[in-house]
Every structure is written in structure tokens, then in C-alpha cells.
Amino acid sequence: MTEAAREDLKPVNPATLKVSDEIAIEIARMNKWFGQFHVLRDINLTVNRGERIVVCGPSGSGKSTLIRCINRLEEHQKGLIKVDGIELTSDLKNIDKIRSEVGMVFQHFNLFPHLTILENCTLAPIWVRKTPKKEAEEVAMHFLRKVKIPEQAAKYPGQLSGGQQQRVAIARSLCMKPKIMLFDEPTSALDPEMIKEVLDTMIELAQEGMTMICVTHEMGFAQAVANRVIFMDKGQIVEQNEPREFFNNPKSERTKLFLSQILGH
Amino acid sequence: MVDTTFVRTQMIEPEQAPGASVGAVRWARENLFSNWLNSVLTLLSLFAVYWLIAHIGPWFRHAVWNAGSLQECRSIIQATWGEGATGACFAVIRERWKQYLFGFYPADLYWRPTLTFFLMLAALAPLLFSGLPRRTMWFSVAFPGVAYWLLWGGSIFVPLGIYAGFVIAYVVHGAISARRPGPLASVAAVVALLIWWLYLVGPVAGVLSGTGIGTLTPVQSNQFGGFTLSLVIGVTGIAFSLPLGVLLALGRRSDMFFVKTICVGFIEFIRGVPLITLLLVASFLLNIFLPPGTNFDIILRVIIMVTLFSAAYMAETIRGGLAALPRGQYEAADALGLDYWKSMRLIIMPQALKISIPGIVNNFIGLFKDTTLVAIIALLDPLGLTTAIRADSNWNGIIWELYGFVALIFFLFCYSMSQYSQYLERKLQTGH
């Protein structure tokens, strides 16, 4: 983590961003196992529309698995997950419906290397939403301008830097006009110089009221935009609080230890 | 005191590489004469090349193109180049090249396979090169029917009727899915297609061909031979083994138990059996299992066996490509809401096939060369013809010229496939 990147972030007052009472995601008594390994234990979490939630915790604590359960890249075995009012079951139609409403940004970008940047962005709108090609391209260019790389539209992902690729990945998700965005350690694979450009994009998105769940160790980002920080360990939610309290006055010993480790150097 | 503080005030602009690092002399010095061992090896290789040319050269220089038999060839060579001289007797190629190309296809109908060949090139062009307008793809779709009609002759209503099956299936699918969406429409479409093909095409085409419109002189399968036969089997096998291989590869990675078991069983069984065995089954055994009186065309039987054989290998090649893709690609496609078939078609397969291009072309080339195995079941492919020609008392004893000619033609086809695959790999390169 770079101090520089944190201090440069545009100042936002998280309190000014409004959160609606409407529920976007509801997770109740959710459990998941990998074989015999109990990776998520009794997770209860409700996310309202417009909330920005940061999930942190040591590696192996189940934070990535948790958000991957929300669009069913991982299947949960017990409990309930409702996204946008639809319950996730093995019904493929519901899964595809939810996936098209929930955008996801991955640690390793996962752009499609055989398609240009523009094609990466228009593919899902054209094939899933049945948007006409021309319109999809206009929308794609709009979001590429928003992430500040419209001039790269005709290039292939392999020709872009990591930071640019991650911004394309965000634009690609946005092109589907998602109601919820999931970020799985979006800056962990980036050089320090590029972290800021990606975080700036995410902050801008937060300001527009996007519902976001973000797994990250960028505590500066958490302080800047999150209205809730969740700390996970050993597959459980150990502590959740609003950022100021969470960082200044952590309750559990485990949280204190974790914070001292990541903020200590 | 050492001053370690250093601050650059000016950045250095990139300069051109020194001129001496290019040029033929430098290349030769670096690659051929870089040290004494390399120099010795270079000289030895040059000598070997000279020796080969010195010995093979005269054989070509003494070649005879006009003669009626091997004896005549030999006496001409002796007369021109002196006692004991040897030379090629290409007269045999001159006399038999038509047979090599067309087998025992009726001579007055040679234009039909020839036309088919050039139409094939036209049909392949839009598939092989992306620059052509998409509309030309229609001809590629129509080509198999046209080719069948031209090669085997008969009524044009037979291939037309087979194509009509697809239209009927499409209409049935549309009509049913409009009322009741779901898998029922697909099932009904397949059933309609099968009923049409198995029971209705024959009579309908029979009635229509009575009008005499679009009827060509029929040619029997046993009249096919030479490179026409190799190409018919090879091209059809290649065209069908790739899609079948893709389906088998996907099936083998499927979560569905029965689909997976069937695909694994098929692949392992076919790979475990020599192609010759399959061809012998196609030639002798299949008739025993079929109802008496059915005449299941021998070339069709061979094509089916060759396709199945090649598809099993193809499936494994493509599975390699699928396995090489990072999991993130599957996840990104899923996360965008693409369903299984769309994500396979748009995201996974284009990349997996690109990775597998060398292996796929390997299979294609192997399949094309394996078409010579049909000589074993008495089809007159180029090698079968060579045996027949050598049995002719006029050309008894001739070997190099015939096999050399066959090898040359095969080399041309296989080398073009190889070159095309390298062009494709370069074209699909999207990295830096």
C-alpha cells in the first residue's frame, strides 16, 4: 500500500452520499464449503441501494469467496442470497439475470485478449441485452471516456498497461448498466503508480450513487468513500462499522491486530 | 572522497542502432562462420549439398517426357547420353496424369471435378480470409450441395431436397417456439428434419427429377479415383471433423455425467483403434449390419470413418487449448451474464482454437495424408493407382517418378495448409 496514493485521493465526504432504504442484496445464514473446508460460516449481510461497502481481512478469510457467491461464480450450500429481489438458486435463468445486473471487476482484469477494447465493452450489451451494435458502441465510448481512455478503443488489451486494463474492465462492467458493482481486489495486481487512476475511477462511481462491494486493502479508499467497512476472518464477519469508528476505535482484538499489521509500516 | 550524489539534468533521447548490425556479410559471419567449428560444419554442409545435386542433377537432366514405355525411355536416354547413363522417365506422368487427377472418372466429364475444384477454392476464400464481404459466405454454405451434384451427377433436386430439410426444420422451430418457447421446438425441428431426410426427400426428389431439369450424367463412386478421391475424402473429413471435435471437447469437459461419459468413451475408443481397422469395418463389416439390399455408398462410409477418427484426435487437441485458457476468462464471461453457448462461442472457443491452431493443422495434414490408406480397401487413390500403373507391362519397374509425383502433389497441399496456419497465427496475434 502506498501512502502517496492514499493521500492524493479526491476528498469525498462519505456522509453526503445518500443511501436508500431499498435493499439491494440480502444474505442470511449463508454457509459455504470447499470440500470439507468450511470457508464461509453463517454470513448475514444486508446491503442497501447506494451503499459502498469495503470488505477486508487476512488472506484466506473468505472475503473474495463471499462476493463471488453474490453473482454465483461460487455456489453456496446453505442459507439465502437475494440479489435485487431475486433469490439465487440453481435456476440458470435467475443466475444469468442476476449476473447481467451485477457488474464484477477482477484482480487480474480478465479482459478478453482476442477482442479490441471497444469489442470487450460492447460484447455483453449486444449478446445479452440485445442492444443494437451502433447504440452499444456509443454507450461503450461514453464509459471509455468516463474512465479516460477513449483513445485506446481500437487497441487490444495486451497493448495496454495494467491500470488502463483495469479501467477498461470497469467500463466493460458499466456498459451493462449494472445496479450493483462487485470489486475483487481491483488494485492488488497493479503497480503503485497505477493504483490511483483506478481508485479515482471507483470513487467517481461511488459519487454517482452506485451500490458497491469492494474487497480491498486500500484503506485510504475505504476512508474516502465507504459507508461501512467489514472485517472478515476465518470465514466469518468479525466486525463491521462505519469507517471512522472502524479505523480509530476497532473493537475486536483480531481487528486491532490486522489493522496494526497493514497500517503499521 | 567519492562523490555518489548524481542528478541527471537531461534525459537521453533514443538513438538508431549502429549500422553494422545489419547486412548479409554480417549475417553470414554470425551464423555460418562464427568460430572454427561452425566454419568446418558450414563447409561440410556445402559439400553435402553439392554432392546431392551432382548425383540427382543428371537424373533430371536426362529426363524423357515422350515415350510409350519404360524400355523406350531407357533406349532414348542411352542413345542421347551414352552407354550406362540413367535418367528419369517422366513419360509415364505425361501419359497417366489425367488418371492421377481423376481416376476412372469418364473422360468427357473431366470438367465436372475440375470445376468443383475451382468452386471449392472460391467457397473456401471467405472462410479463410476475413477481408472478403460476408455475403460471399452464402456460396460457402451452398458449395457442398453444388459439389455433390457436380461430382456424382444425377438430379439437382437431391441436394436441394437435403438443403430444404434445414429450411423445414427452421420453419417448424419458428412455428412452435412462437407458441410455446422452450426445448420442445428444438426437438420438433430435429424430428421434422429426420422424417424429411429419411422418408420424404427420396420420393419428392424422384418426382421432381422426372421433369429432367438439372440432371447430370450420374457417375458411380467406384469410378472415382486419384487426387479427386483424396480431395473429396480429405476436404469433407476436415470440414466435419473440426466442428465434431469442438463438440466432443466441450462434452468431455461437461458437468453432465452422461454427455461426458459418452464423449470420453467415444474419444478413447476411436483413438485406440487403427484407422485401417475402421476402414476395413466400413468396407466389409458395415454391410453385414445394414439391412440387405441397402447400398450405402462406399465413399460416404469411408468419409464417415475418417471424420470420426480425426474428430477424436481433434477433440483432444482442442481440449488442450481449452485447458490452457485461464479460469478468469470463463469467470469474466459468466460474470457478464453470457450463457454457456454464448460464452463458448464468443469468448472461449476463439481463444482455445487459436491456441490449438498448430495441433489442429497437424490433424488436418495427418487426415489428408491418411486418405491414401483407402488403397487398402481397393479404392483407387493416388497410391492405389500407382500400384495399378506399375502393374502395366509398359511401365513395369518404374518407381521414383510415380511416387515422387504423388509426393510432390501431397507436399503442395500440406505445405499450403501449413503456410496458411502460420499466416493465421500471425493475424490473430493481439499481444504487443
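What counts and how
- Sequence order as written defines residue numbering, which begins from 1 separately in each chain.
- Whichever chain is written first becomes A and whichever ligand is written first becomes 1, with later ones labelled in order.
- Totals for whole chains, interfaces and linings use all residues, but because this is a predicted model, local features are given only for residues with pLDDT of at least 70 and pairs of side-chain atoms are given and counted only at 80 or more.
- The side-chain numbers reported here are obtained from all heavy atoms of the structure, hydrogens and water having been left aside.
- In this description a helix means any DSSP run of H or I spanning at least four residues, a strand means any run of E spanning at least two, and both kinds are numbered starting from the N terminus.
- Our radius of gyration looks at C-alpha atoms and nothing else; its globule reference is 2.2 Å times the residue count to the power 0.38.
- In this scheme, a residue with accessible area under 20% of its type's maximum is buried, one over 50% is exposed, and one in between is partly exposed, where area comes from a 1.4 Å probe on protein chains only.
- Throughout, a contact is declared for two residues whenever any of their heavy atoms are within 4.5 Å.
- A residue counts as positive if it is Lys or Arg and as negative if it is Asp or Glu; His and the chain ends are not included.
- One atom stands in for each charge, and that atom is NZ of Lys, CZ of Arg, CG of Asp or CD of Glu.
- By this rule, a helix spans an expected 1.5 Å times one less than how many residues it contains.
- One axis fitted to the seven residues ending at a residue, another fitted to the seven starting there: the angle between these axes is the bend at that residue.
- For two strands to pair, DSSP has to find at least two bridges joining them.
- Axis definition: a line fitted to C-alpha atoms, limited for helices to the stretch in contact. Angles are taken between N-to-C directions and run from 0 to 180 degrees.
- How far each domain reaches was decided by an automatic or database domain assignment.
- Oblique is the label for any angle not covered by the other classes, which are roughly parallel (under 35 degrees), roughly antiparallel (over 145) and roughly perpendicular (65 to 115).
- Rotating anticlockwise by less than a right angle from the far helix to the near helix defines a left-handed crossing, while the corresponding clockwise rotation defines a right-handed one.
- Nonpolar residues are Ala, Val, Leu, Ile, Met, Phe, Trp, Tyr, Cys and Pro. Charged residues are Asp, Glu, Lys and Arg, and all others, Gly as well, are polar.
- Note that a disulfide, as used here, is simply two cysteine sulfur atoms within 2.5 Å.
- Here a cavity denotes a set of grid points, spaced 1 Å apart and computed over the protein atoms alone, in which a 1.4 Å probe fits but from which it cannot get out, and a pocket denotes an open set meeting protein on both sides within 12 Å along at least five of seven lines; residues with an atom within 4 Å of a point are reported as lining.
- Grid points are joined across faces, edges and corners, and a volume is the space filled by probe spheres set on the points.
- The definition of a right-handed crossover adopted here requires that, viewed with the strands pointing away, the path from the first strand over the helix to the second runs clockwise.
- Here the buried area means the combined drop in accessible surface, using a 1.4 Å probe, for two parts upon being joined, counting both sides.
- Definition used for salt bridges: Asp or Glu carboxyl oxygen within 4 Å of a side-chain nitrogen of Lys or Arg.
- Here a polar contact means two N or O atoms within 3.5 Å. Within protein one must be a hydrogen donor candidate and the other an acceptor candidate, and residues neighboring in sequence count only if both atoms are side-chain atoms.

S.K.: Honestly, the overall build of chain B in this entry has me stumped. Any pointers?
M.R.: Across its full length, chain B holds 16 helices and two strands. Its C-alpha atoms give chain B a radius of gyration of 29 Å, more than 25% over the compact-globule value 22 Å for 432 residues. When each of the 432 residues of chain B is scored for burial, the buried share is 38%. By sequence separation, contacts in chain B at least 24 residues apart represent 73% of the contacts at least 6 residues apart. Within chain B, one finds 27 positive and 20 negative side-chain charges whose respective centroids are separated by 6 Å.

S.K.: Can you help me understand helix 9 (residues 226-252) of chain B in this one?
M.R.: Since the α-helix turns once every 3.6 residues, residues separated by three or four places project in the same direction. Residues and elements named next belong to chain B. A rise of 1.5 Å per residue sets the reference length of helix 9, with its 27 residues, at 39 Å; its end C-alpha atoms lie 37 Å apart and thus fit the reference within 8%. Along its length, helix 9 reaches its greatest deviation from straightness, about 25 degrees, at Ser-241, and the proline Pro-243 lies no more than four positions downstream. Across the 27 residues that make up helix 9, a large majority, 19, are buried.

S.K.: What should I look at first to understand the sheet that holds strand 1 (residues 23-34) of chain A in this one?
M.R.: Hydrogen bonding along the main chain pairs the strands of a sheet, whether they run parallel or antiparallel. All names here are of chain A. One open sheet accounts for four strands, arranged 2-1-4-5; its pairing is antiparallel. Of all the strands in the sheet, just strand 2 (37-48) and strand 5 (86-87) have a single pairing partner and so form its edges. Of the strands in this sheet, strand 1, strand 2 and strand 4 (78-83) are in contact with helix 2 (residues 63-70), which crosses strand 1 at around 120 degrees.

S.K.: I'm lost on the domain arrangement of chain B in this one. Help?
M.R.: Bring the parts together and some accessible area is lost; that lost area is often taken as the interface size. One can read the domain layout of chain B as domain 1 (23-57), domain 2 (62-97), domain 3 (107-148), domain 4 (154-216) and domain 5 (219-432). Placing the centre of domain 2 of chain B and that of domain 3 of chain B at their C-alpha centroids yields a distance of 39 Å.

S.K.: Can you walk me through the packing of helix 6 (residues 162-174) of chain A against helix 7 (residues 192-207) of chain A in this structure?
M.R.: Residue and element names in this part refer to chain A. Close contact between helix 6 and helix 7 brings their axes to 8 Å; oriented N to C, the two are set at 20 degrees. In this view, helix 6 runs roughly parallel relative to helix 7, as classed from their interaxial angle. In terms of crossing hand, the pair formed by helix 6 and helix 7 is right-handed. In this structure, helix 6 contributes Gly-162, Gly-163, Gln-164, Gln-166, Arg-167, Ile-170 and Leu-174 to the contact, and helix 7 contributes Met-194, Glu-197, Val-198, Thr-201, Met-202 and Leu-205. Here the contact of helix 6 with helix 7 is built from residues that sort into six nonpolar, five polar and two charged.

S.K.: Looking at this model, I keep getting lost on the state of the cysteines. Mind explaining?
M.R.: As used in these notes, a disulfide is a covalent bond between sulfur atoms, one from each of two cysteines. Per the counting criterion, the structure on display carries one disulfide over all chains. The disulfide that involves B:Cys73 links it to B:Cys89, with 1.9 Å between the sulfurs. Here the disulfide of B:Cys73 and B:Cys89 is right-handed, its torsion about the S-S bond being about 70 degrees. In this pair, B:Cys73 is assigned in helix 3 (residues 70-81) and B:Cys89 in the loop between helix 3 and helix 4 (91-102), connecting sequence segments 16 residues apart. B:Cys73 gets classed as buried once you look at its relative accessible area, which sits at 1%. You can see A:Cys69 has no disulfide; the closest cysteine sulfur is in A:Cys214, sitting 17 Å from it.

S.K.: Is there a simple way to think about the environment of B:Val406 in this case?
M.R.: Residue and element names in this part refer to chain B. Structurally, the position occupied by Val-406 is in helix 16 (residues 400-427). According to the relative accessible area criterion, Val-406 is buried, its value standing at 3%. Through-space distance from the C-alpha of Val-406 to that of Leu-132 is 33 Å; in sequence the pair is 274 residues apart. Ignoring any residue separated from it by four or fewer positions in sequence, one finds Val-406 in contact with Tyr-100, Phe-227, Pro-382, Leu-383 and Thr-386.

S.K.: Can you help me understand empty space enclosed by the protein in this one?
M.R.: Counting across every chain of the model gives one cavity of 30 Å³ or more. In this structure, the largest cavity spans a volume of roughly 30 Å³. Around the largest cavity sit A:Arg99, A:Ser100, A:Val102, A:Gly103, A:Ser173, A:Met176, A:Pro178, B:Ala335 and B:Leu336, which together line it. Those elements giving two or more residues to the lining of the largest cavity turn out to be helix 3 (92-101) and strand 6 (102-105) of chain A. Across the lining of the largest cavity, the residue classes tally to five nonpolar, three polar and one charged.

S.K.: Hey, could you run me through the pairing of strand 7 (residues 180-184) of chain A in this one?
M.R.: If a strand is regular, its side chains alternate between the two faces of the sheet. Residues and elements named next belong to chain A. Counting buried positions over the five residues of strand 7 gives five, a clear majority of the element. Neither face of strand 7 is exposed, since Ile-180, Leu-182 and Asp-184 on one face and Met-181 and Phe-183 on the opposite face are all buried. Here strand 6 pairs with strand 7 via four bridges, running parallel. What sits directly across from Val-105, in strand 7, is Phe-183. Pairing of strand 7 with strand 8 (residues 211-215), which is carried by five bridges, proceeds in the parallel orientation. Its bridge partner being in strand 8, Phe-183 is matched across the sheet by Cys-214. Regarding the hand of the β-α-β motif, the stretch spanning strand 7, helix 7 and strand 8 is right-handed.

S.K.: Explain the pairing of strand 2 of chain A here, please?
M.R.: Residues and elements named next belong to chain A. Inspection of the sheet shows strand 1 paired to strand 2 by eight bridges, in the antiparallel sense. Across the sheet, the residue bridging to Ile-23 is Asn-48, located in strand 2. Counting the residues that bridge the hairpin from strand 1 to strand 2 gives two residues, and of these Gly-35 lies at a positive phi of roughly 60 degrees.

S.K.: What am I meant to see in the interface of chain A and chain B here?
M.R.: The interface of chain A with chain B comprises 25 residues on the first partner and 21 residues on the second. Here chain A meets chain B over a buried area of about 2,000 Å², counting both sides, of which 62% is carbon and sulfur. It is A:Phe112, A:His114 and A:Trp127 that lose the most area in chain A upon contact with chain B, and together they represent 28% of the buried surface on that side. Here chain A and chain B share one salt bridge between them. With its nearest N and O atoms 2.6 Å apart, the salt bridge here joins A:Arg68 to B:Glu331. Applying the counting criterion to the chain A and chain B interface returns six residue pairs in polar contact (both at pLDDT 80 or more). Going through the elements one at a time, helix 3, strand 6 and helix 4 (117-127) of chain A are the ones with two or more residues in the side of chain A that touches chain B. Grouping the amino acids of the side of chain A that touches chain B by side-chain chemistry returns 13 nonpolar, six polar and six charged.

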